[in-house]
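# Close look at the chain arrangement
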Amino acid sequence: MKRAPGRGRPSTLVGIALLALMLFPVYWMVNASLQPAGNTLQAGWFPFHPDFSGYATALRDQGRNLVTSLVVALGSVVLSLGLAAPAAYALAQFPLRGTNLGLFGILVTQMVPSIVVANALYSAYNDLGLLNSYLGLILADSTAGVPFAIIVLRAFMRSIPREIIEAARVDGARRLRVFRSVVLPLSTNALITAAVFTFLFTWSDFLFALTLTTTETVRPITLGIYQYIGAHTNQWNAIMATTVMASVPAAVLLVVAQRYVATGAGSGAVR
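Rules and cut-offs
Residue numbers restart at each chain and count upward from 1, following the sequence in its written direction. Thresholds applied to this predicted model are a pLDDT of at least 70 for local features of residues and 80 or more for the giving and counting of side-chain atom pairs; totals over whole chains, interfaces and linings are not thresholded and use all residues. Only hydrogens and water are set aside when side-chain values are computed; all heavy atoms of the structure are taken into account. Criterion for a salt bridge: a side-chain nitrogen of Lys or Arg within 4 Å of a carboxyl oxygen of Asp or Glu. Between buried and exposed lies partly exposed: a residue is buried under 20% and exposed over 50% of the maximum accessible area for its type, with that area taken using a 1.4 Å probe on protein chains only. Each patch is built from residues that are more than 30% exposed by relative accessible area and take part in no salt bridge. Like charges join if they lie within 9 Å; nonpolar side chains (Val, Leu, Ile, Met, Phe, Trp, Tyr) join within 5 Å. For the accessible areas, the method is Shrake-Rupley and the probe is 1.4 Å, while residue cover comes only from the protein chains on display. Helix and strand labels come from DSSP, where a helix needs a run of H or I of at least four residues and a strand needs a run of E of at least two; each type is numbered from the N terminus.

## Quick word on the pattern of salt bridges
Applying the stated criterion to the full structure yields 3 salt bridges. Arginine 60 is the salt-bridge partner of aspartate 61, the closest N and O atoms lying 3.3 Å from each other. What makes arginine 60 exposed here is its relative accessible area of 61%. In this structure, the salt-bridge partner of glutamate 166 is arginine 162, at a minimum N-O distance of 3.8 Å.

## Some remarks on a nonpolar patch on the surface
Judged by side-chain polarity, Val14, Leu18, Leu19, Leu21, Met22, Leu23, Val26 and Val30 come together as a nonpolar surface patch covering roughly 750 Å² of accessible area. Within the fold, valine 30 resides in helix H1 (residues 9-33). When its relative accessible area of 33% is taken as the criterion, valine 30 is described as partly exposed.

## Considerations on unusual backbone geometry
The backbone of asparagine 132 sits at a positive phi, close to 60 degrees, despite the residue not being glycine. Within the secondary structure layout, asparagine 132 lies in the loop between helix H4 (114-128) and helix H5 (134-157).

See the structure below:
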């Protein structure tokens, strides 16, 4: 049945209006970052004479923090996938006792408030000397990445036909070889999905950064922005420039990986 002309136009207009409403803070953030230092509330609707001094200030003051966040986020992705992939494979393919109980425990860990985990880690890190360290932040952020990655990867790995795995076993491949050469390549979309969300979790983390770092030696960008506001209340262009630069890696990652994320999440859910 053909749709009547103009029937979908109201819903399209509503969608455009909602999209514009959601993107307006992003537009204003970019606009304010291109204004001279001062009160951005007096800025025009469009930067006809853009001033990039805010970006120069942000790079000088926050460049190291951006690198710190990138190192911690990538390290958390590597550690989370390194632990979650074999665990998810075991839970999905091996007839283990207590699998459902283990999955329930993984879900429970997702419900524990982050402040509880952060306070517990602070005491342990203080004894182990992991405060103000890249390794400490990577381990802390992985406490959220590992359970999520296990859930995503297990849902996908359960859908892999056992005939494929048995065929590889018949050809003489051992379990580790099957996992490395058969299961992981088939799970590429799910791996990318887990990696993207783990990266986003870590990149946007504030609580662990605030609790487990006390010096400027290791300071993620989220904490840098927080302390930047208190120290430079008149340089809102630099603050907005910092938030723009902090948003770019996450936005680029989502644009590049959106096809894999949609396929990985959909495959795990449907199958």
